[in-house]
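Examination of the molecular architecture
Below are the chains, spelled out letter by letter.
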Amino acid sequence: MQQALLQVSDLAVRIGQGDGAVRPVDGVSFEIRPGETFALLGESGCGKSMTALSLLRLLPRPAGEIVRGSIRLDGEELLSLPESGMRDIRGGRIAMIFQEPMTSLNPVMTIGYQIAESLIEHKGLVGGAARQRVLELLDAVGIPDAARRYDEYPHQLSGGMKQRVMIAIALAGDPDLLIADEPTTALDVTIQSQVLDLIRKLQQERGMAVMLITHDLGVVSEMADRVAVMYAGQLVEVASRDVFFSAPEHPYSVKLFAAVPDSGKREDRLTVIPGSVPPLNQSFHGCRFADRCHRAWERCISEQPGWYEVNDGQQVRCHLADPAGTIPVERPVEAETGPDTAWSRDTADAEALLEVDGLQVHFPIHRGLFKRVAGYVRAVDGVSFSIPVGQTLALVGESGCGKTTVGKGLLQLLKPTAGSVQFEGQELTRLKGEALRRSRTDFQIIFQDPYSSMNPRMSVGDIIAEGMVAQRIGDSREARRQRVAQLLEQVGLRSEHARHYPHEFSGGQRQRICIARALAVDPKLIVCDEPTSALDVSVQAQILNLLQDLQQQLGLSYLFITHDLSVVSYLADRVAVMYLGRIVEEGSVSDVLDNPQHPYTRALLSAVPQIDQAAKREIIRLEGDLPSPSHPPAGCHFHPRCPIAEPGCSHSYPPVTQLSASHTVRCHLQ
Amino acid sequence: MIQPVILWTDALVFLLTAVVLAFALYARRREHLRAPWREVVRSRMAVASLVVLCVYAVTGLLDSVHFRQALEMQEGQVEVQYSGEVTSLLDLLLGPMRSQDEKTYSAPFATRLFTKETVIGPDGEKSRTWPRLKYGGVHLDDPATQKGPDIARRVARAASESMLLMLITGLLLAFLLARKWRQPLLPVLRAMLRGKTDIPWRTALGTILVFVMVIALIVNLSGAYHVLGTDKVGQDVLYQTIKSIRTGLVIGTLTTMIMLPFAVMLGMLAGYFRGWIDDVIQYLYTTLNSIPGVLLIAAAVLMMQVYVANHPEMFETMAERADVRLLFLCLILGITSWTGLCRLLRGETLKLRELDYVQAADAFGVSKFNILMRHLLPNLMHLVLIAVVIDFSGLVLAEAVLSYVGVGVDPTTMSWGNMINRARLEMAREPVVWWSLLAAFTFMFTLVLAANLFSDAVRDAFDPRLRTQR
Amino acid sequence: MLAYLVRRILYALPILIGVNLITFVLFFVVNTPDDMARMHLGMKRVTPEAIEKWKVERGYDRPLLYNRQAEGSGSLTDTIFFDKSVRLFAFDFGASDSGRNIGEDISQRMWPSLAIALPVFLIGLLVYISFAMLLAFFRGSYLDISGVVLCVVLMSISGLFYIIGGQYLFSKILHLVPVSGYEPGWLAWRFVLLPVAIGIFAGIGSSSRWYRTIFLEEINRDYVRTARAKGLPELRLLFRHVLKNAMVPILTGVVVVLPTLFMGNLILESFFGIPGLGAYTIEAIQNQDFAIVRAMVFLGSVLYILGLLLTDLSYTLVDPRIRLS
């Protein structure tokens, strides 16, 4: 076996003092071999970022502290190095890139200088030599026109470009190990695939090891050589990629796979992991996963599981893997069944509940001496679609394409510039004042961020009842109180939760409360604005199931706004793909996902990291970034990035092509 | 027989007290309002300064209960006549200090005047000497030998009294805590004394002990001596500094209370409605802000002086006149100081209005008024509170400077600023008359330091951004 | 850029008009010139003739806003409003109530003011930032905690105490510098030294604490973590990365006061007998010379607006994200 590059054993980290002290890393051991990609997989709050930071001894000071363990780089103990010695390691031997490229670069320094700084520190390069090397690095990470970019500031770059600069900084010291902490989580899927490609390419060229921290099974599958799964401060499984994806051993790993939505699971309910990650300020006596595990028995609650080797290189922290232990017979998993279906879904030609025609939302840009309007940001530029009763339309697109603005525009939270929004035949854009206020009972919205969507100073009961009060639903306080209790139970919470305040709930529970709040006014349409993108996979499955149950029980229609195509395939009836304020392709789920016609849709689909590497499709890489909606490219907005664009594409915006009864596309090449 | 007098500032002080108490009762039952306060009182620094602030506040409240005492009935008089002098409850408590005026300067604990005078002795002989004081140490036959032991005796008595009082207080507290926690008395007492309780009761008791001692000393000594000397006109300096407490507190609290509604309302309106409302409000505060504060205050106070001087008939007593000036000063200080908070709240409202929960309320058709009141205001209150406690100490300090400039409180009002202003030339005397200045600075410093430490704790507890920083 | 400047100057006009109206109302509407005259001449036993004479001497005998007797444009210009308020826009401050030329006084007294205020400002900024940097460097340590406590103690002491105490200690006991007074030219340093030192010392508590908070806020940002992950030494990190970013919030509070330095420091100048604008203002307030107070209010506003403009301009120097448009 190869000598390990990095050897971590029994690492433990404590944040804070006294009773509130949290142990986000509690006895973690692993090793990384030269040149390999080691993926650390886990949900938010499981301690994976803390593990990474402690490798470089960059824990937040003075709160964070490494309490025990050892970290050896090529046999040299990092924990006993003086701070000055550690500086040579940071950036020189181990480099790191972070999740948020937007905030991770110094906003007031040129990117060239920020890269050169590392060269000065680790390579002793100065002046022209440093500049030359920086240009080479910018070139290597795929930043075009490096000489000009050298003197630019971070705000002049897009998110993907910033992450490339981060990578260039990391590469400047020629590290042996690159720690990438969720490097693509903040990026769009097409940009994500560019960045992942880049990391893979650089790794092959330089033979450096990569420690990839992520929550995304697809990314792991595409990138990793070996995988470690982290749960509640501990590693629960380590295996090579192939073994892990073919035979995950730990129940948590198994459940993670099952919770990922995709079109294959469309007819079933998603498997959920009940509950949420336990808080890490306690001491554990049994297995940390026991209370969420479908296979837990007495031993799991009373005794901490050991670290067992099951196959070659596959290690698991689970009593099930104990060769000496006796394993109880696997209880049949209670089949997750949905509630009785009161609503039949096959209403292919149901009447349209919502009809949007030529919707435009433009934001003026003010310039000049008297702040005259000098132009418009065309956030939404002529969008038309309809949603039938009881069905779901998914609106898909990357950030900045205007999909959220569509949602707010049709709810009249933003005043549309032009176009019509007909709800049950009533024109919403012309409603004003009291009439508009009255009509709001019919359509509601669920937001992306469960933390900012509830007033922290109101109790959950008041939050849910607010809409009823405003719409004068429920005659008395008592009637409303009962309705709130009923709603809470409907979304899977308990009625006594009404007295609590939002901060006492986890992200998934908050999203349930938001759903209850929306349901309180008996809406017919709910705009779901990325309701699960801030949640972990296991929790996301719970929310998706809930949304689907509610649709079946209540006959709701959804406009489901998302960037996540896997969710689309699970939940939606119809899909509309947006690019720069316009819908470029629309059709039923099978039309669009299985038979995409627009090159953008194809690229989008192929960029999603796939768990199943066997069924790997040809990947279409898009170049460049989303252009600004204030200056959209002439002709087809997509042509500068389109892999199959022809000269004619830059002349006019393509008209709608009807491919079939349910499938339309806007592309000159159709 | 007394005739109660309610001055304008009295009424506002009591209103403010009522509001604070009402809020405390309201917050008691609401966990999210209680939680940050609980964090505040866990800090030892905060508890100690809270005790200091409470002592000052009680003094100020006692000094806010005003009345006129009845004059003695003359023969043949039917109606009761009331004194033209307005006194307060505090004046009664301070008793002799108020009336025992000497001729001029005397040092702390002196028995003789500070300046030589020509006196005619009992034998009719003129001599230049330091005459005995009328009140200070007058009970001593031979001050040179008796003063030391007399003071020591009084100090000892004060010490023993305060210890006894503290013992009772401590035991009572332990008893109450034991009942609340349903635990035996002894372990509770032990935890308390070792500083193991959640709320640092030991620190609180320690601070209280200091004040009890100070009060006992004052009670035991001030009747017989001028503990902090007398000033140029022979008035007791200790009395003046204690009376100044109310002025400091009134300026520190009423100013913010007066400006608060405007700052909060305008800031919220500007941030929420934007457009021309925002433009107008921004214009308003930029304009007010652009006038140098001291000058605006000076101009306003000067104009007020002219007005009062030309309308003497509007004020019945000197106290009322001085009080109106004090209130006016608060008002004008409020006008110059609301802009900062208004700008802060406007910025925060701009951020809040984009938050999802405000959008959600919009989507429910909740009225704009309800959105402002239920969603925006409660989420701005912590900023308001932080601003209020931070402004307090600045205002107390500002009073001194303004009085020095000559646009502060009425010269007849007792305030630290007036004391400093009157005494600032005394440092040039030979030998130096230091006690007036030192007394004023010490009392002011204690209050401001306590307020600053307390505001630090409040800010740490209420501002989540700062909390993550530690 | 030019368009921006023009717009800012156009914005400044309504503000100055507002300031002017406020002062006009305050000085001439709340109280009539008769009231002022009576106040000046002593409250009791003032003859109407004396009042009239006082008013005529100072030009307060005209109507407030509209002069019915005058002809043509004179009906608007021959009024108190025009003479006392509108003329300020041309920086024509007129004569003080005691008959002195205010404009001349200001141009003479500006320099002693600057001799105090500028060093206090510049050296002060340097001292405060260095001290705050020191605390930020040792954040969380006992040095930091005691430094912060020291700051709180220092800022709880009245500024008057520093002045009175400083004068007593350095002038009266140690005889290091004169108690008060001023001399033009280079010899002024002996008189300026103590007020400048006291001015700086009086501000150290609040300013250093504020800067420390700003530094700590910056230190917790992601880009600092990036820089640390590069292996940069802590000092370089603080001085290159953190300080440069912290300059944005620091400038907000600092540049605004730069022009108003001309106005001098009221208290320092008055205590140390420096013949600057601050002392001038105080004298005017104490002598109830309304003409000077009005002039100073206007001057102060102009300088403040200039400060706002300078603040905006200074942002572009430190923050590449801000473009003036």
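Residues numbered from 1 in each chain as written. Chains lettered and ligands numbered in written order. Predicted model: local features only at pLDDT ≥ 70, side-chain atom pairs only at ≥ 80, totals over all residues. Heavy atoms only, no water.

1. Description of the pairing of strand E11 (residues 308-311) of chain A
Counted only if it meets this: Two strands make a pair as long as DSSP finds a minimum of two bridges between them. The secondary structure listing takes helices from DSSP runs of H or I that are at least 4 residues long and strands from runs of E that are at least 2 residues long, numbered from the N terminus.
Bridge count for E11 of chain A against strand E12 (residues 314-316) of chain A is 3 bridges, and the pairing is antiparallel. Residue asparagine 311 of chain A lies in a different strand from E12 of chain A, and its bridge partner there is glutamine 314 of chain A.

2. Re a nonpolar patch on the surface
Keep this limit in mind: Two joining distances apply to patches: 9 Å for like charges and 5 Å for nonpolar side chains (Val, Leu, Ile, Met, Phe, Trp, Tyr), and every residue must have over 30% relative accessible area and no salt bridge. Per-residue and other accessible areas follow the Shrake-Rupley method at a 1.4 Å probe size, with only the shown protein chains counted as cover for residues. By definition, a salt bridge exists where a carboxyl oxygen of Asp or Glu is found within 4 Å of a side-chain nitrogen of Lys or Arg. Burial classes: relative accessible area under 20% of the type maximum marks a residue as buried, over 50% as exposed, and values in between as partly exposed (1.4 Å probe, protein chains only).
Nonpolar side chains collect at one region of the surface, where Tyr307 and Met314 of chain B together with Val25, Val29, Val30, Leu64, Leu65 and Tyr66 of chain C lie side by side and expose about 700 Å² of accessible area between them. Relative to the assigned elements, leucine 64 of chain C resides in the loop between helix H3 (48-58) and helix H4 (74-77). Given the relative accessible area of 30%, leucine 64 of chain C is considered partly exposed.

3. Here's the deal with the interface of chain B and chain A
Filter applied, for reference: Should any heavy atoms of two residues lie within 4.5 Å, those residues are counted as being in contact. A quick way to say it: buried area is the sum, across both parts, of accessible area lost when two parts are put together, with a 1.4 Å probe. Polar here means any residue outside two lists: the nonpolar Ala, Val, Leu, Ile, Met, Phe, Trp, Tyr, Cys and Pro, and the charged Asp, Glu, Lys and Arg; Gly therefore counts as polar.
Tallying the contact residues gives 19 residues for chain B and 26 residues for chain A. Both faces considered, chain B and chain A share a buried interface measuring about 2,100 Å² in area, 56% of it formed by carbon and sulfur atoms. Area buried by chain B at its contact with chain A is led by His32, Asp356 and Phe364 of chain B, which between them contribute 34% of it. Taken together, the links from chain B to chain A amount to 0 salt bridges. Sorting the residues of the side of chain B that touches chain A by element identifies helix H13 (356-363) and helix H14 (368-405) of chain B as the ones contributing at least two each. Here the side of chain B that touches chain A gets 7 residues from one element, more than from any other, and that element is H13 of chain B. Of the residues assigned to the side of chain B that touches chain A, the class counts are 8 nonpolar, 7 polar and 4 charged.

4. Observations concerning the domain arrangement of chain A
All names here are of chain A. Selection criterion: Segment limits for the domains were obtained from an automatic or database-derived domain assignment. Any N or O atom pair separated by 3.5 Å or less is treated as a polar contact, with the protein-specific requirement of one donor-capable and one acceptor-capable atom, and with residues adjacent in sequence counted only for side-chain atom pairs.
Looking at the assigned domains, one finds that chain A contains domain 1 (34-48 + 82-224), domain 2 (249-341) and domain 3 (352-665). Using only C-alpha atoms to locate each centre, domain 1 and domain 2 end up separated by 35 Å. When the two sides are added together, the surface that domain 1 and domain 2 hide from each other amounts to roughly 480 Å², 68% of it contributed by carbon and sulfur. The interface formed by domain 1 and domain 2 includes 1 residue pair in polar contact (both at pLDDT 80 or more). Here the side of domain 1 that touches domain 2 is built from residues that sort into 2 nonpolar, 1 polar and 1 charged.

5. A short note on helix H11 (residues 251-259) of chain A
Because each turn of an α-helix spans 3.6 residues, side chains separated by three or four positions end up pointing in the same direction. Taken across its 9 residues, H11 of chain A has 7 buried, putting it largely inside the fold. Where H11 of chain A is buried, its residues meet strand E3 (37-41), helix H9 (217-223), strand E9 (226-231), strand E10 (234-240), helix H10 (241-246) and helix H18 (537-554) of chain A.

6. Some points on the state of the cysteines
All names here are of chain A. Quick reminder of the rule: Note that a disulfide, as used here, is simply two cysteine sulfur atoms within 2.5 Å.
Summed over the entire model, instances satisfying the criterion amount to 0 disulfides over all chains. Sulfur of cysteine 318: no disulfide; nearest cysteine sulfur belongs to cysteine 300 and is 6.2 Å away. Its sulfur unpaired, cysteine 401 is 15 Å from the next cysteine sulfur, which belongs to cysteine 636. In this structure cysteine 401 comes out as buried when scored by relative accessible area, which is 1%.

7. Notes on the environment of histidine 139 of chain B
Residues and elements named next belong to chain B. In this fold, histidine 139 is placed in the loop between strand E5 (126-129) and helix H6 (143-181). The sequence separation of histidine 139 and threonine 111 amounts to 28 residues, and the corresponding C-alpha distance is 9.9 Å. Excluding residues that lie within four positions of it along the chain, histidine 139 makes contacts with Asp150, Arg154, Ala224 and Tyr225. Separated by 3.0 Å, the side chains of histidine 139 and aspartate 150 make a polar contact. There is a polar contact of 3.5 Å between the side chain of histidine 139 and the side chain of arginine 154.

8. Describing the packing of aromatic side chains
Aromatic rings considered in pairs are described by the distance between their centres and by the relative angle of their planes. Test applied: Here is the rule: rings of Phe, Tyr and Trp (six-membered ring for Trp) pair when centre to centre is within 6.5 Å. Planes less than 30 degrees apart are stacked, more than 60 are edge-to-face, and the remainder are tilted. Whether a charge lies above a ring is judged from NZ of Lys or CZ of Arg, which has to be within 6 Å of the ring centre and within 35 degrees of the ring normal.
In total, this model carries 22 aromatic pairs over all chains according to the counting rule given. Following the ring pairs from residue to residue traces out a cluster consisting of Tyr105, Phe114, Trp434 and Trp435 of chain B. Lysine 116 of chain B extends its terminal NZ or CZ atom over the ring of tryptophan 130 of chain B, reaching a point 4.9 Å from the ring centre. Between the NZ or CZ atom of arginine 190 of chain C and the centre of the ring of phenylalanine 191 of chain C, over which it lies, the distance is 5.3 Å.

9. A look at the nonpolar core
For clarity, the cut-off: Nonpolar core, defined: a set of buried Ala, Val, Leu, Ile, Met, Phe, Trp, Tyr and Cys residues in which side-chain atoms within 4.5 Å join the residues together.
In terms of nonpolar packing, the biggest core is built from 196 residues, with Leu329, Trp416, Ile420 and Met444 of chain B together with Tyr211 and Phe215 of chain C touching the most fellow members. Residues from two domains meet in this core; each of domain 1 (2-90) and domain 2 (107-318) of chain C gives at least three. Apart from residues lying up to four places away in sequence, isoleucine 420 of chain B is in contact with Ala400, Leu437, Ala440, Phe441 and Met444 of chain B together with Leu160 and Ile164 of chain C.

10. Looking at the interface of chain C and chain B
Taken together, the contacts link 50 residues of chain C with 50 residues of chain B. When chain C packs against chain B, the two sides together hide about 4,200 Å² of surface, and 73% of this comes from carbon and sulfur. If you look at where chain C meets chain B, you find 7 residue pairs in polar contact (both at pLDDT 80 or more). Within the residue set of the side of chain C that touches chain B, elements represented by two or more residues are helix H1 (2-29), helix H2 (33-41), helix H7 (142-156), helix H8 (159-173), helix H9 (189-219), helix H13 (266-272), helix H14 (277-286) and helix H15 (290-318) of chain C. Looking at the side of chain C that touches chain B residue by residue, the class counts come to 33 nonpolar, 12 polar and 5 charged.

11. Here's the deal with the packing of helix H9 (residues 237-273) of chain B against H14 of chain B
Residues and elements named next belong to chain B. Here is the rule: Each axis is a line fitted through C-alpha atoms, and for a helix only the stretch in contact is used; angles between axes span 0 to 180 degrees, taken between their N-to-C directions. Crossing handedness: left-handed means the near helix sits turned counterclockwise from the far one by under a right angle, and right-handed means the same turn made clockwise.
Contact geometry of H9 with H14 gives a least axis separation of 8 Å together with a crossing angle of 145 degrees. As for the relative orientation of H9 and H14, their crossing is right-handed in sense. Class assignment of the residues belonging to the contact of H9 with H14 gives a composition of 19 nonpolar, 5 polar and 3 charged.

12. Considering the sheet that holds E3 of chain A
Residues and elements named next belong to chain A. The 8 strands lie next to each other as E6-E7-E8-E3-E9-E10-E12-E11, forming an open sheet whose pairing is mixed. Only two strands of the sheet have a single neighbouring strand rather than two, namely strand E6 (94-97) and E11. Neighbour-to-neighbour, the strand axes of the sheet open up by a mean angle of 20 degrees, direction not taken into account.

13. Thoughts on the domain arrangement of chain C
Residues and elements named next belong to chain C. What the domain assignment lists for chain C is domain 1 (2-90) and domain 2 (107-318). The distance between the C-alpha centroids of domain 1 and domain 2 comes to 35 Å. Counting residues at the interface gives 18 residues for domain 1, matched by 15 residues for domain 2. It is Arg8, Phe27 and Leu88 that lose the most area in domain 1 upon contact with domain 2, and together they represent 30% of the buried surface on that side. Connecting domain 1 to domain 2 are 1 salt bridge. Aspartate 312 is the partner of arginine 8 in a salt bridge, and the nearest nitrogen-oxygen pair spans 2.3 Å. For the pair domain 1 and domain 2, the number of links is 2 residue pairs in polar contact (both at pLDDT 80 or more). At the level of elements, H1 and H2 are the ones that each hand at least two residues to the side of domain 1 that touches domain 2. If you tally residues by element for the side of domain 1 that touches domain 2, the top one is H1, at 11 residues. Here the residues of the side of domain 1 that touches domain 2 are counted per class, giving 13 nonpolar, 3 polar and 2 charged.

14. A word on the pattern of salt bridges
Pairing between side chains of opposite charge can happen when the charged atoms of each approach one another. All names here are of chain A. All chains considered together, the criterion is met by 59 salt bridges over all chains. Arginine 14 is paired through a salt bridge with glutamate 65; the nearest N and O atoms lie 2.8 Å apart. With arginine 14 in strand E1 (residues 6-15) and glutamate 65 in strand E4 (residues 64-73), this pair connects stretches of sequence that are 51 residues apart. Of the charged contacts in the structure, one is a salt bridge between glutamate 530 and lysine 403, with a shortest N-O distance of 3.5 Å. In this pair, glutamate 530 sits in the loop between strand E19 (525-529) and H18 while lysine 403 sits in helix H13 (residues 403-410), placing the two residues 127 residues apart along the sequence.

15. A short note on the confidence of the model for chain A
Segments scoring low in pLDDT should not have their predicted coordinates read at a detailed level. Selection criterion: On a scale of 0 to 100, pLDDT captures the predictor's confidence in every residue.
Mean pLDDT for chain A: 86, with 94% of residues reaching 70 or above. Ignoring residues within four places in sequence, the model shows residues 340-344 of chain A, a span with pLDDT below 50, making 8 contacts including any to other chains.

16. Section: the environment of isoleucine 22 of chain C
Tracing the backbone through its elements, the reader meets isoleucine 22 of chain C in helix H1. The exposure class of isoleucine 22 of chain C is partly exposed, given its relative accessible area of 27%. Setting aside anything within four residues of it in sequence, one finds isoleucine 22 of chain C in contact with Thr287, Leu288 and Ile291 of chain B.

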